[in-house]
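Observations on the three-dimensional arrangement
So the chains spell out like this:
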Amino acid sequence: MSLYQTQCHETKTLTTSAITTLQVPTGQKLQSVALAFFTSAGALVTEAQIRAEIGNIRLAINGKDIVNASVVRLLDIYEMLSTRVGRPAGVPGMVELNLGRLLFVDPVARDFVGFGTSDVSSIQVQVTAGTLSAIASCQVITQRSPVNEPLGNYVRTINYAQSYNGTGVHTADTLPRDLDSSYLMIMANTGASGVITTGEVRVNGVTVTEQLPLGANILFNANKGFEQVTGYYMHIFTDGLVSSRLPMPGVTDLRVLTGFSTDPGAAGYDLTAMTLITPNAK
């Protein structure tokens, strides 16, 4: 059954430089978990204000990280999905957290990676504020499908910081290789001031994506229906089908090689990964 029930949940006042935790009730299957950001007058803020004033967002189910990334990364992923969601940019005041389901084209595939809650005892969203000016409060809003299922399959969106400040090719080989996981996307950002020219992915010494110029990568991603967002090199392993992904069973060595013509800056750069978790896969 595809009729969703939309529910508004806890609202909390945000404080500059503080982490605020919002509780999300269990029940049914969560298809969308969204955050709404408001001014003190109760109006939705702009996307630019969210980008400027909010830092990291963490969604945890039973204490396990499902989303842990900066709000900028989450908004940029939503823009990457513009052909999937019908928006050329983000929605003012709103941030979607279950971005993984939007990678898929088929509604059945999207429902496949909702968050079942029959075996879930706690769902929490943590919002880290920066310096607040326009933003006063935040609310969780969910859409649920009326089914009783355990957590099961879901997509994890996690940011992994990379300590590198130089030019040339940087190799990252510490991304997780969990047996129940498959990578749908890994995107490298340029850092504070970097320029990325090439990207490459190797699995167990086999080249999955050969050292590819950014322009060619943009073309192949566009062929799959994904928009290029400025400031990233995006390795997208899915074309919108659940069957197209980079599975980790049997993988002992995963390497993401990113070529910088200009260094990313003292803070390094990030790899943000979207990973399909299928705990019951054989």
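This write-up is about the structure you can find in this document. Keep in mind it's a predicted model, so treat the numbers as computed, not measured. (Residues numbered from 1 in each chain as written. Predicted model: local features only at pLDDT ≥ 70, side-chain atom pairs only at ≥ 80, totals over all residues. Heavy atoms only, no water.)

Sheets are built from strands that pair by backbone hydrogen bonding, the pairs being arranged parallel or antiparallel. In space, the four strands of this open sheet follow the order β11-β17-β13-β14, with antiparallel pairing throughout. If you trace the sheet from one side to the other, it starts and ends with β11 (168–172) and β14 (206–213), each paired once. When strand polarity is set aside, the average angle formed by the axes of neighbouring strands in this sheet is 15°. Note that strand β13 (residues 195–203) and strand β17 (residues 254–262) share eight bridges and pair antiparallel. Across the sheet, residue Ile196 finds its bridge partner in β17, namely Phe260. Against the sheet, helix α5 (residues 214–223) contacts β13 and β14, and its axis sits at roughly 115° relative to β14. (Pairing = 2+ DSSP bridges. Helix = DSSP H or I, 4+ residues; strand = E, 2+ residues; numbered from the N terminus. Axes fitted to C-alpha atoms, helices over the stretch in contact; angles between N-to-C directions. Contact = heavy atoms within 4.5 Å.)

Turning our eyes to something else, we now look at the packing of aromatic side chains. Overall, the coordinates contain two aromatic pairs when judged by the stated rule. An angle of 40° between the planes, with centres 5.9 Å apart, marks the rings of Tyr164 and Phe260 as tilted. Here Tyr164 is found in the loop between β10 (154–162) and β11, whereas its partner Phe260 is found in strand β17, with 96 residues between them in sequence. Phe260 carries the same exposure label as Tyr164, and that label is buried. Positioned over the ring face of Phe226 is Arg84, at 4.3 Å from the centre of the ring. (Phe/Tyr/Trp six-rings, centres within 6.5 Å; stacked < 30°, edge-to-face > 60°. Buried < 20%, exposed > 50% of the residue type's maximum accessible area, 1.4 Å probe, protein only. Lys NZ or Arg CZ within 6 Å of the ring centre and 35° of its normal.)

For the structure on display, the rule yields twelve salt bridges. For the salt bridge of Lys29 with Glu149, the shortest nitrogen-to-oxygen distance reads 2.8 Å. Here Lys29 is found in strand β3 (residues 29–38), whereas its partner Glu149 is found in the loop between β9 (137–145) and β10, with 120 residues between them in sequence. The partly exposed category is assigned to Glu149, whose relative accessible area is 31%. Its salt-bridge partner being Asp253, residue Arg255 comes within 2.8 Å of it at the nearest N-O pair. A single salt-bridge network, built from bridges that share partners, covers Glu47, Arg51, Asp76 and Glu79. (Salt bridge = Lys/Arg side-chain N within 4 Å of Asp/Glu carboxyl O.)

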